[in-house]
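The lines below spell out each chain.
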Amino acid sequence: MSNKYSAKKRFGQNFLQDHSVIERIINAFVPKENDTIYEIGPGQAALSNHLVEYCNHVQLVEIDDDLVPALKAQFATKPNVTILHQDALELELTEPNCRIIGNLPYNVSTPLLIRFLYQSENISDMLFMLQKEVVKRICAEVGTKAYGRLSVMLQYAFDCEELFIVKPESFHPQPKVDSQIVRLVKKQEIPIVDLQKMESLVKQAFGQRRKTIKNNLKGILTDDDFEKLAIDPKLRPESITIEEYVNITNLISD
Ligand code: SAM
């Protein structure tokens, strides 16, 4: 079906065609027999075909009504595969230690990542293909231009590692931008914080990147609070570490 099917822009469909890239992704993920694996957006099964050979529990989460029948037919004889015909944004992970993989639809990649952050209790690790620029933001270090909401929120719970770049020619249709693989492994120790409060605080902190943290958090933190937290109020939001964002959230939650 691959080239006859007309890809849907609204579902971010760019199908992987390059076998060497598919192999590199699978090798980087290292699927194991007893893993509980969720693949987000299997599409035409470029990655799924390999996952089902290695693993006893593979769930394929696909939203597109036109792709699901072909997936069901293809994997009808594979008892280790479950096809979940649904929006991944509504996925509930109920088992522990889930492993998630996906060449993510770029139009919903940020909300998907945030959704998984909220379910990190049941996640062991994730490997995603994303727009290169998004991977840079996820993995950015404090003090750099790319460091922002996505870096703080995801690095709070996961060790994030950027892997190889994938060029547009590896897909059909070709996306306009480079893609990159990113690995997120849940941290052993995650500091306790009200995640919703931290998410809204970080959003406000990065509201105006050129202003100081004091300015962006006006009405939330007093001069005394900055002193208690040992944070220089004149710093810009990209100079505040994740630990400091956790401390700020915990202070305002008290
Ligand atoms: N995994 C395939 C590959 O690598 O060739 C397809 C990747 S394509 C970039 C993204 C896939 O995600 C498509 O199959 C698309 O239909 C599916 N998709 C888009 N939005 C989705 C959503 N909200 N929930 C589940 N699947 C979604």
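Above this text you will find the structure in question.
On a predicted model such as this, the values are computed, not experimentally measured, just so you know.

Conventions and cut-offs
- Residues numbered from 1 in each chain as written.
- Predicted model: local features only at pLDDT ≥ 70, side-chain atom pairs only at ≥ 80, totals over all residues.
- Heavy atoms only, no water.
- 1 Å grid on protein atoms, 1.4 Å probe; cavity = no way out; pocket = protein on both sides within 12 Å on 5 of 7 lines; lining within 4 Å.
- Points joined across faces, edges and corners; volume = space filled by probe spheres on them.
- Helix = DSSP H or I, 4+ residues; strand = E, 2+ residues; numbered from the N terminus.
- Nonpolar A, V, L, I, M, F, W, Y, C, P; charged D, E, K, R; others polar.
- Near = heavy atom within 4 Å.
- Polar contact = N/O pair within 3.5 Å; in protein donor to acceptor, adjacent residues only side chain to side chain.
- Areas by Shrake-Rupley, 256 points an atom, 1.4 Å probe, with all protein chains shown as cover.
- Salt bridge = Lys/Arg side-chain N within 4 Å of Asp/Glu carboxyl O.
- Buried < 20%, exposed > 50% of the residue type's maximum accessible area, 1.4 Å probe, protein only.

A.B. asks: Give a description of the layout of surface pockets that names residues and reports values.
C.D. replies: In this model, the largest pocket occupies a volume close to 690 Å³. Looking at the largest pocket, it is lined by 43 residues, and the ones nearest its centre are F15, G41, P42, G43 and E62. The set of elements that each furnish at least two residues to the lining of the largest pocket consists of β1 (15-16), α1 (19-29), β2 (36-40), α2 (48-54), β3 (57-62) and α3 (68-74). Here the lining of the largest pocket gets 3 residues from one element, more than from any other, and that element is α3. Residue composition of the lining of the largest pocket, by class: 24 nonpolar, 15 polar and 4 charged. When its volume is computed, the second largest pocket comes out at roughly 260 Å³.

A.B. asks: Give me the lowdown on the site of the ligand, citing residues and values where you can.
C.D. replies: As a matter of local geometry, the ligand sits amid 21 residues, with L16, G41, E62, D87 and A88 nearest to it. Here Q13 contributes a side-chain N or O atom positioned 2.8 Å from an oxygen atom of the ligand. One of the backbone nitrogen or oxygen atoms of A88 is found 2.8 Å away from a nitrogen atom of the ligand. Contact with the protein chains hides 98% of the accessible area of the ligand, taken as 590 Å² for the molecule alone.

A.B. asks: Give me the pattern of salt bridges: which residues, what numbers.
C.D. replies: Two side chains with opposite charge may pair up if their charged atoms get near one another. Inspection of the entire model under this criterion finds 14 salt bridges. The closest approach of N and O atoms between D35 and R99, which form a salt bridge, is 2.8 Å. Taken together, the positions of D35 in the loop between α1 and β2 and R99 in strand β5 (residues 98-103) put the pair 64 residues apart, joining distant regions of the chain. With respect to burial, D35 and R99 carry one shared label: buried. Linking K132 and D178 is a salt bridge whose minimum nitrogen-to-oxygen distance equals 3.7 Å. Residue K132 is located in helix α5 (residues 132-139), and its partner D178 is located in the loop between β8 (171-172) and β9 (179-186); the two are separated by 46 residues in the primary sequence. Here D178 falls in the buried class, since its relative accessible area comes to 18%.

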